Amino acid sequence: MSDARFITVEGIEGAGKSSCLAVIEALIRRRGHDLLVTREPGGTPLGEELRALLLGHRADGMSDDAELLLMFAARAEHLYRRIEPALAAGQWVLCDRFTDATYAYQGYGRGIDLARIATLETWVQGGRKPDLTLLLDLPVEQGLSRAGKRSAPDRFEREQTAFFERVRAGYLALAERSPQRYRVIDASRPLEPVAEDIATTFATWLDGDAR
Ligand code: Z5A
């Protein structure tokens, strides 16, 4: 049986996912594992086209249900073309966001019933879930301030603070519900201690309670 693992990284705007993904990637490669690094929405040619639709601005906006279904359409393609084949071939998968982002943003953020998301999750993923999810948690104001220093905001980044407060609370609720799978990292600190915490957390998970 393959010992490949599926690891996801989550967090609100400006949590520092990109920086932390590089740290985790280095840790996994250092242990000699073959690795696919990917992201959602995206990760395939069709998925990247859907990402552009999802993040882009339209004069007439986008309904919440359309947004939810496009997220899962991109995910179905991603699982079918990249994630499942990689895991089956023994390759580890490190993914920047996955279905927890749908619960957090479309569920807690937009207010879509979580049971409807769960139905789509079962349909698209069967029993597939990440083995480990690192949640980079920090206060919303701090995240928005970090993110604000970057380029022009996308459709999600233009949401108000209250939206991101709901998303953050949603992530923390998800982490509380699945303590076996989640590790919450205090991402409000400078990058160096955050990276050290990730390294320790990851090593402990790998050597201890991983499958
Ligand atoms: N979305 C959804 O709604 N539903 C779904 O199912 C999925 C996604 C899968 C795009 O995702 C949007 O899709 C996302 C949710 C939605 N929208 N939002 N918000 P994305 O992951 O591509 O977008 P993002 O959240 O903007 O991620 P990002 O670009 O990777 O940014 P980040 O997580 O904030 O990370 P960063 O670029 O590493 O850090 C931001 C800045 O802070 C940067 O200047 C860093 O140098 C700095 N930084 C990072 N860490 C630190 C520390 N520790 N101290 C100080 N400064 C730091």
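So, here's what we can say about the structure.

Rules of the game
- Position numbers for residues count from 1 along each chain, tracking the sequence in the order it is written.
- Per-residue local features are limited, in this predicted model, to residues with pLDDT of at least 70; the limit for side-chain atom pairs, both in listing and counting, is 80 or more; totals at the level of whole chains, interfaces and linings are taken over all residues.
- To get the side-chain values, take all heavy atoms of the structure and skip hydrogens and water.
- Strands are runs of DSSP state E lasting at least two residues, helices are runs of H or I lasting at least four, and both sets are numbered from the N terminus onward.
- Residue contacts follow a heavy-atom distance rule, with two residues in contact if any of their heavy atoms lie within 4.5 Å.
- By convention in this text, a residue qualifies as near a molecule or strand provided that one of its non-hydrogen atoms is within 4 Å of it.
- What qualifies as a polar contact is a pair of N or O atoms within 3.5 Å, subject to a donor-acceptor requirement within protein and to the restriction that residues adjacent in sequence count only when both atoms come from side chains.
- Side-chain classes follow a simple rule in which Ala, Val, Leu, Ile, Met, Phe, Trp, Tyr, Cys and Pro form the nonpolar group, Asp, Glu, Lys and Arg form the charged group, and the remainder, Gly included, forms the polar group.
- Note on exposure labels: buried denotes an accessible area under 20% of the residue type's maximum, exposed denotes more than 50%, and partly exposed covers the range between, all computed with a 1.4 Å probe on protein chains only.
- Two strands form a pair only when DSSP identifies at least two bridges running between them.
- Orientation is described by axes fitted as lines to C-alpha atoms, over the contacting stretch for helices, and by angles from 0 to 180 degrees between their N-to-C directions.
- A carboxyl oxygen of Asp or Glu within 4 Å of a side-chain nitrogen of Lys or Arg is what we treat as a salt bridge.
- Comment: arc refers to directions from the helix axis out to C-beta atoms.
- Note on aromatic contacts: the rings of Phe and Tyr and the six-membered ring of Trp form a pair at centre separations within 6.5 Å, being stacked when their planes are under 30 degrees apart, edge-to-face when over 60 apart, and tilted otherwise.

**Overview of the side chain of Glu-77**
Then step 1. Topologically, Glu-77 is positioned in helix H3 (residues 64-88).
Then step 2. When neighbours within four sequence positions are excluded, Glu-77 is seen to be in contact with Thr-44, Leu-46 and Arg-82.

**Concerning the site of the ligand**
Then step 1. Around the ligand there are 27 residues in total, and Gly-14, Lys-17, Arg-51, Arg-97 and Thr-102 lie nearest to it.
Then step 2. In this structure, an oxygen atom belonging to the ligand sits 3.1 Å away from a side-chain N or O atom of Arg-75.
Then step 3. Per-element accounting of the shell around the ligand gives the leading share, four residues, to helix H4 (residues 99-109).
Then step 4. Of the residues contributing to the shell around the ligand, the split by class is 10 nonpolar, six polar and 11 charged.

**What to know about the environment of Ile-28**
Then step 1. Note that Ile-28 resides in helix H1 (residues 17-30).
Then step 2. Considering only alpha carbons, one finds Ile-28 and Leu-94, 66 residues apart in sequence, at a separation of 9.2 Å.
Then step 3. Once you skip the residues sitting within four places of it in the chain, Ile-28 turns out to touch Ile-7, His-33, Leu-35, Trp-92 and Phe-202.

**Notes on the environment of Asp-100**
Then step 1. Relative to the elements of secondary structure, Asp-100 occurs in helix H4.
Then step 2. You can call Asp-100 buried: its relative accessible area is 4%.
Then step 3. C-alpha of Asp-100 to C-alpha of Thr-8: the two residues are 92 residues apart in sequence and 9.1 Å apart in space.
Then step 4. Not counting chain neighbours up to four residues away, the residues in contact with Asp-100 comprise Glu-10, Thr-133, Tyr-171, Leu-174, Arg-181 and Tyr-182.

**Notes on the sheet that holds strand S2 (residues 35-39)**
Then step 1. With respect to topology, five strands assemble into an open sheet ordered S2-S3-S1-S4-S5, the strand pairing being parallel. At either end of the open sheet lies a strand with only one pairing partner, and these are S2 and strand S5 (182-186). Direction aside, neighbouring strands of the sheet carry axes that sit 20 degrees apart on average.
Then step 2. Relative to strand S3 (residues 92-96), strand S1 (residues 6-11) runs parallel, the two sharing four bridges. Paired with Thr-8 across the strands is Cys-95, a residue of S3.

**A few points about the pattern of salt bridges**
Then step 1. Applying the stated criterion across every chain yields a total of 19 salt bridges.
Then step 2. In this structure, Asp-64 engages Arg-110 in a salt bridge whose closest nitrogen and oxygen atoms are separated by 4.0 Å. Highlighted residues: Asp-64 in helix H3 and Arg-110 in the loop between H4 and helix H5 (114-125), separated in sequence by 46 residues.
Then step 3. Residue Asp-64 is classed as partly exposed on the basis of its relative accessible area of 32%.
Then step 4. Arg-155 is the salt-bridge partner of Glu-67, the closest N and O atoms lying 2.8 Å from each other.

**Some thoughts on helix H2 (residues 45-55)**
Then step 1. Within the sequence span of H2, burial applies to Gly-47, Leu-50, Arg-51, Leu-54 and Leu-55. The buried residues of H2 all sit within an arc of 125 degrees when viewed along its axis, so they share a single face. For H2, the exposed residues set more than 90 degrees away from the buried face come down to Pro-45, Glu-49 and Ala-52.
Then step 2. Buried residues in H2 make contact with S2 and H3.

**Thoughts on the packing of aromatic side chains**
Then step 1. Using the criterion set out here, one finds six aromatic pairs in the structure.
Then step 2. With a centroid separation of 6.0 Å and an interplanar angle of 55 degrees, the aromatic rings of Tyr-105 and Phe-163 are classed as tilted. On the criterion of sequence distance, the pair formed by Tyr-105 in helix H4 and Phe-163 in helix H7 (residues 161-177) is long-range, its members being 58 residues apart. Of the two residues examined, Tyr-105 and Phe-163, each falls in the buried class.

Everything listed here is a matter of geometry and, on its own, says nothing about what the molecule does.
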